[in-house]
Amino acid sequence: MMPGGTPMSNEHPQINNTIPKSPYPLTREDFISDQMVKWCPGCGDHAILSAVSKVFPEIGYKKENYVLVSGIGCSSRFPYYVNTYGFHGIHGRAMAIASGVKIANPSLSVWIITGDGDSMAIGGNHFIHLIRRNIDVNLLLFNNQIYGLTKGQYSPTSPLGAITKTSPYGTIEHPFTPGELVLGAQGTFFARGIDAQPKMLTEIMFEAARHDGTSVVEVLQNCVIFNDGAYDHLASREYRDERTIYLEQGKPMLFGANKDKGLRWNGSGLEVIKLGENGWGINDVLVHDATNPDPGLHLSLAKMNWPELPVAFGVIRSVKAPTYDDLMEEQIQRIKAQSPIKCMDDLLNSGDTWEIE
Amino acid sequence: MEEKKTKHGQPEHVVIRFSGDSGDGMQLTGNLFSDTAAYTGHDLSTFPDFPAEIRAPQNTVAGVSGFQLHFGGTKIYNSGDLCDVLVAMNPAALKTNLKWAKKGATIIVDVDNFEPKALEKAGYSSNPLEDGSLAAYRIVKAPMRMLARETVKDLGLDTKSADRTKNMFALGMLLYMFDKPLEHTYSYLDIKFSKKPIVAEANKKVLKAGYDYADTIEVLQSKIHIPQAKLPKGKYRNITGNIATAWGLMAASEKSGRPLFLGSYPITPATEILMELARHRSLGVKTFQAEDEIAGITSSIGAAFTGSLAVTTTSGPGLSLKVEAMGLAVMTELPLVVVDVQRAGPSTGMPTKSEQSDLNLALFGRNGEAPMLIIAAASPADCFYAAFETAKLSMEHMTPAILLTDGYIGFGSEVFRIPRMADLPEIKPPLAEPNSEYKPYRRDPETLVRKWALPGTDGLRHRIGGLEKTDIYGEVSTDPLNHEKMVKLRAEKVQRIAKVLPLQEVFGETEDELLVVSWGGTFGAVRNAVEECRKEGLKVSHSHFRYINPLPLNTRDVLSKFKKVLVCELNNGQFVHYLRMNFPEIPYLQYNKIQGLPFTVSELCEKIKEVIK
């Protein structure tokens, strides 16, 4: 879209940071790559790709300032399908590659595209350390609970007992809940969405972009070939309202087709209450505060699983903390101002030296 | 080897070895003596020899820390074979270091530490100072601990602090013996202990006490005067190989205008490079202490993608972990400098001991066909130029590169003539112009180098990665012929760097009986040995390799002019195998040492004589 195109959407709050903004409005066409998308028909990745192409123009950075970095796996082909600067890395290392990209050039908007194998297994170490450092990048974790590209082995998020090609009698491993790892690593932003609800995904991604620090967005994503229907119990229209809850900042935690169910803290944990039953009213329902520095309730929300509790979608945690890249730049400016060493000649000639005539 | 003397009967150069418990401050003592020797006009080379343990149990052989210094009035190529003066602060130090002392060497001991318990811990059944076993040496029994305590008794220090000054006593004695001034050490102590003036005062007093003690006991008939070296005019400093490596990289960053990014994980003996670069935020250096070796290199690859001079530093075990990522840098054709300060392997091996055994890994250690530029530094000061040049060639030729140094030259130091930045060569990375008709794998027809298109630049959006890509256009491809073409292009690109490299040089005759070949950190010892042998009239020349891949264009010509070629290296024959693979017709002989120790000049001379017979 050239200058004079449709004005940018005003429905979102402003993004304030030092990444250069586009001088003219962009549209999704600006981000469509000329590559043939080679994911399986019906794969959840298509919906995520569509959400990204929609949200990038809304975020409004200069199109040359987006960088997508991925690891290995079906999800990691993503950068080829978006017309930005892109780097398709090696298995598990997208987090570390992206760390280098952002630290080296903080004026880039960096998006890590990774899967449950890439980030929870082979890249688990980089995942937690990226989050601990709070480097200002966005991480989209496509969680399909299976290894797709290698054709159907269990992943660190496959449920206990899952029958897969490498667990013909059921897995005997306890799965990770990505949100628990994020919070355990002192994460400042964690959100969850699902491929089946693209509008919610775009909203979440926008919030992730707006957050200063590492933003982790877990996307529950259907692998149509090797783990089809893994999220049907949450995604299908008949169950969605009753089995999931969309958390919105400052709003009561209500769900259900008629918004008549709520989450309540019973003193030791979360429980579902029905408004109007047993005397429960709206005042008994928790109000969502993603900005609370204490991660206790956020952890409980991230861990919720059906059938005991509804699965939480939306921004579960978003708190302020200094970012690694900001601290690095500040430190450089401070030391530059203090140090008598201004160039290499200064350094080479500093300290103990002597002349030979 | 006949000791060379000046006209007045004084030696032209001398080797001193300081040794003591790891807590005795021997590294500091050695460094302070080296600094004074350097100021007073000598060429020098040093090498610290310390255990991997930080503080092994006191008075044990495991805890002995050593520092060897070779200085003199001639060109000093290495830290010397055997020492003329050995300082041993305790029995364990004597036990471990006696083998490094020349017959007839002066051995200065702190006699106060030769107590039954310490002797027993060191494994002596009788006191070597009394049982006649040291008859071949000149022993100076100095009561250092007692005299140090005595000297500082009015300053109110506790015994432990008082005892800690005794290394200054030893230093004072040495400075007297070689007629060196105390001033440099005084000013060092004043700065170092500026917040603890009592401690500064105590150390200075003990230093002077040691100096006076040596005078009083007439430790030598006369002071030893080592002549000054005839170094070229200029400004000098002392530098270790690891610091020189860090500075060479920083110089390349300034010269190229590319910001310096280091992703690294601490590992002996490479950590000093990370520590040094971390100090230089004032010059915009970004150091990232990664969570592991893999994150060290992959974060650097990310930084390289954005246009930084990207570096990762490591040693053998870390290089093993970086292998897959090096392949990624080969595939994406990004500049990247991997510094490998080699140590004795395999596996954890001997972390503080030096070796040249990562060459095979550097040359061949990647999946697929993945050649990289490889350069090896020759000496501590050369690390500066080798690092600068590796960075320059890596950026200008858009290829990852490995700089091989080793623990010996990394920790070792020598006199460094300070260059002017204006005199260093230009570095011109091939940056893509904004809004140009950019294709990721379009190449310069001469050099086969692709352009570097930095994120954030208008009109250059593109995708690269580990998957094979089409020639010119950079689209994901499994086309058989394209893959073969790309493999050959990547290899040819690296080979063509040889066109800009200097030709391989020969010291001595270009056609003769024997050519001694070395590479990397063994330069000093080998050159010294060849010089000695030539002075004795042997028909031997020396060719030292700095460029490992690609090899200089005239390598075959150089090797083929000699009846015999002796390849000397600190491994089981990795470079000779590489030469054999490339130039199989040459009659190679090899000399290999795999002891975690550098070559000595005398053993090299012996080998040369054996071969030339």
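Residues numbered from 1 in each chain as written. Chains lettered and ligands numbered in written order. Predicted model: local features only at pLDDT ≥ 70, side-chain atom pairs only at ≥ 80, totals over all residues. Heavy atoms only, no water.

For the rest of this paragraph, the subject is the overall build of chain A. The secondary structure content of chain A amounts to 11 helices and 12 strands. Relative to a compact globule of 357 residues, whose C-alpha radius of gyration would be 21 Å, chain A shows 23 Å and is just as compact. Across its three principal directions, the C-alpha atoms of chain A cover 95 × 55 × 45 Å. Burial statistics for chain A: of 357 residues in total, 56% are counted as buried. (Helix = DSSP H or I, 4+ residues; strand = E, 2+ residues; numbered from the N terminus. Rg over C-alpha atoms; globule rule 2.2 N^0.38 Å. Buried < 20%, exposed > 50% of the residue type's maximum accessible area, 1.4 Å probe, protein only.)

To continue, consider the confidence of the model for chain A. Chain-level statistics for chain A give a pLDDT mean of 94 and a share of 96% at 70 or above. Scored below 50 in pLDDT, residues 1–10 of chain A shows 15 contacts in the model against residues more than four places distant or in partner chains. (pLDDT = per-residue confidence, 0-100. Contact = heavy atoms within 4.5 Å.)

Residue and element names in this part refer to chain B. Its 12 residues give helix α20 (residues 601–612) an end-to-end C-alpha distance of 16 Å, which sits within 8% of 16 Å, the value for a rise of 1.5 Å per residue. Within α20 the residues assigned to the buried category are V601, L604, C605, K607, I608, V611 and I612. Burial along α20 is one-sided: seen end-on, the buried residues are contained in an arc of 165°. The inward-facing, buried residues of α20 abut β16 (512–519), α17 (523–535), β17 (540–545), β19 (562–569) and β20 (588–592). (Expected span 1.5 Å × (residues − 1). Arc of directions from axis to C-beta.)

Take unusual backbone geometry next. A negative phi holds for most residues other than glycine; trans holds for most peptide bonds. Cis geometry marks the peptide bond from A:W306 to A:P307; its omega dihedral reads 15°. Counting through the fold element by element, A:P307 comes out in the loop between α9 (296–303) and β11 (311–318). The backbone of A:Q145 sits at a positive phi, close to 60°, despite the residue not being glycine. In this structure, A:Q145 sits in the loop between β4 (138–143) and α5 (178–184). A positive phi angle is found at B:D179, which is not glycine, with a value near 55°. Looking at the secondary structure, you find B:D179 in the loop between α6 (166–177) and α7 (183–192). By relative accessible area, B:D179 is classed as partly exposed at 32%.

Right, let's get into the domain arrangement of chain A. All names here are of chain A. Splitting chain A by domain gives domain 1 (28–251 + 288–332) and domain 2 (253–287). The C-alpha centroid of domain 2 is placed 29 Å from the C-alpha centroid of domain 1. The interface of domain 1 with domain 2 comprises 16 residues on the first partner and 13 residues on the second. Roughly 1100 Å² of surface becomes buried between domain 1 and domain 2 when both sides are summed, with 71% attributable to carbon and sulfur atoms. When the buried surface of domain 1 facing domain 2 is broken down by residue, E242, I245 and L297 rank first, second and third, together holding 36% of it. Put simply, domain 1 and domain 2 have 1 salt bridge between them. E242 is the partner of K261 in a salt bridge, and the nearest nitrogen-oxygen pair spans 2.5 Å. Sorting the residues of the side of domain 1 that touches domain 2 by element identifies α8 (237–243), β7 (244–247) and α9 as the ones contributing at least two each. (Domains from an automatic or database assignment. Buried area = accessible area lost by both parts, 1.4 Å probe. Salt bridge = Lys/Arg side-chain N within 4 Å of Asp/Glu carboxyl O.)

The subject of this paragraph is the environment of B:F388. Residues and elements named next belong to chain B. Looking at where F388 falls in the secondary structure, it is placed in helix α14 (residues 382–396). Remark: the alpha-carbon pair of F388 and W247, spanning 141 residues in sequence, is separated by 8.3 Å. Look past the residues within four positions of F388 in its chain and what remains in contact with it is G248, A251, A252, K255, L424, P425 and I427.

Once that is clear, we can look at the state of the cysteines. Counting across every chain of the model gives 0 disulfides over all chains. Of all cysteine sulfurs, the one in B:C533 lies closest to B:C605, which takes part in no disulfide; the gap is 3.9 Å. (Disulfide = S-S within 2.5 Å.)

Contact with chain A, which involves 62 residues of that partner, is made by 70 residues of chain B. Buried surface at the junction of chain A and chain B, both sides included, amounts to about 5400 Å², of which 61% is carbon and sulfur. At the boundary of chain A with chain B, the tally comes to 3 salt bridges. Between B:D458 and A:K62 there is a salt bridge, and its shortest N-O distance comes to 2.9 Å. Where chain A touches chain B, the interface holds 35 residue pairs in polar contact (both at pLDDT 80 or more). Of all elements in the fold, only β2 (85–88), α2 (94–104), α4 (124–133), α10 (324–338), α11 (344–348) and β12 (354–356) of chain A reach the threshold of two or more residues within the side of chain A that touches chain B. (Polar contact = N/O pair within 3.5 Å; in protein donor to acceptor, adjacent residues only side chain to side chain.)

In this section: a positive patch on the surface. Side chains of B:R55, B:K160, B:R164, B:K192 and B:K196 sit close together on the surface and give a patch of like positive charge. By the secondary structure assignment, B:K196 is in the loop between α7 and α8 (197–216). (Patch = residues over 30% accessible without salt bridge, like charges linked within 9 Å, V, L, I, M, F, W, Y side chains within 5 Å. Areas by Shrake-Rupley, 256 points an atom, 1.4 Å probe, with all protein chains shown as cover. Lys, Arg positive; Asp, Glu negative; His and termini not counted. Charge placed at Lys NZ, Arg CZ, Asp CG, Glu CD.)

All names here are of chain A. At a minimum axis separation of 9 Å, helix α1 (residues 45–59) and helix α6 (residues 198–210) run at an interaxial angle of 45°. In terms of orientation, α1 lies oblique with respect to α6. Where α1 crosses over α6, the handedness of that crossing is right-handed. On α6, the residues that touch I48, A51, V52, K54, V55, E58 and I59 of α1 are P198, L201, T202, M205, F206 and A209. Grouping the constituent residues of the contact of α1 with α6 by class yields 10 nonpolar, 1 polar and 2 charged. (Axes fitted to C-alpha atoms, helices over the stretch in contact; angles between N-to-C directions. Parallel < 35°, antiparallel > 145°, perpendicular 65-115°, else oblique. Left-handed = near helix turned anticlockwise from the far one by under 90°. Nonpolar A, V, L, I, M, F, W, Y, C, P; charged D, E, K, R; others polar.)

Our focus in this paragraph is the domain arrangement of chain B. Residues and elements named next belong to chain B. If you check the domain split of chain B, you get domain 1 (13–220), domain 2 (237–423) and domain 3 (512–612). Both faces combined, the contact of domain 1 with domain 3 buries some 670 Å², and carbon together with sulfur accounts for 61% of it. By the criterion of area lost to domain 3, the three top residues of domain 1 are Y77, N78 and D81, representing 76% of everything that side buries. The interface formed by domain 1 and domain 3 contains 0 salt bridges. Here domain 1 and domain 3 share 3 residue pairs in polar contact (both at pLDDT 80 or more) between them. Residue composition of the side of domain 1 that touches domain 3, grouped by class: 2 nonpolar, 1 polar and 1 charged.

The next thing to look at is the packing of helix α9 (residues 241–256) of chain B against α14(B). All names here are of chain B. Following both chains from N to C, one finds α9 and α14 inclined at 40°, their axes separated by 7 Å at the closest point. What the angle tells us is that α9 and α14 run oblique. Of the two elements, α9 crosses α14, and the hand of that crossing is right-handed. Contacts between α9 and α14 pair G241, A244, T245, W247, G248, L249, A251, A252, K255 and S256 from the former with C383, F384, A387, F388, A391 and M395 from the latter.

Let's shift gears to the pattern of salt bridges. This model, assessed by the stated rule, comprises 40 salt bridges over all chains. Between A:K274 and A:D260 there is a salt bridge, with its nearest N and O atoms 4.0 Å apart. In this pair, A:K274 is assigned in strand β10 (residues 270–274) and A:D260 in the loop between β8 (254–255) and β9 (261–265), connecting sequence segments 14 residues apart. A relative accessible area of 34% places A:K274 in the partly exposed class. A salt bridge links B:K75 to B:D43; the shortest N-O distance between them is 3.6 Å. Within this pair, whereas B:K75 is found in the loop between β3 (64–72) and β4 (83–88), its partner B:D43 is found in strand β2 (residues 43–49), the two being separated by 32 residues in sequence.

Attention shifts here to the side chain of A:N83. By secondary structure assignment, the location of A:N83 is in the loop between β1 (66–70) and β2. At 3.0 Å, the side chain of A:N83 and the side chain of B:R463 are in polar contact. In contact with A:N83, other than residues within four places in its own chain, are A:D30, A:F31, A:I32, A:S33, B:R461 and B:R463.

Residue and element names in this part refer to chain A. If you walk across this open sheet you meet the 3 strands as β8-β9-β10, and the pairing is antiparallel. For this open sheet the edge positions go to β8 and β10, each flanked by a neighbour on one side alone. For β9 and β10, the ladder comprises 5 bridges, and the chain directions are antiparallel. When the sheet's bridge partners are listed, G262 is paired in β10 with I273. (Pairing = 2+ DSSP bridges.)

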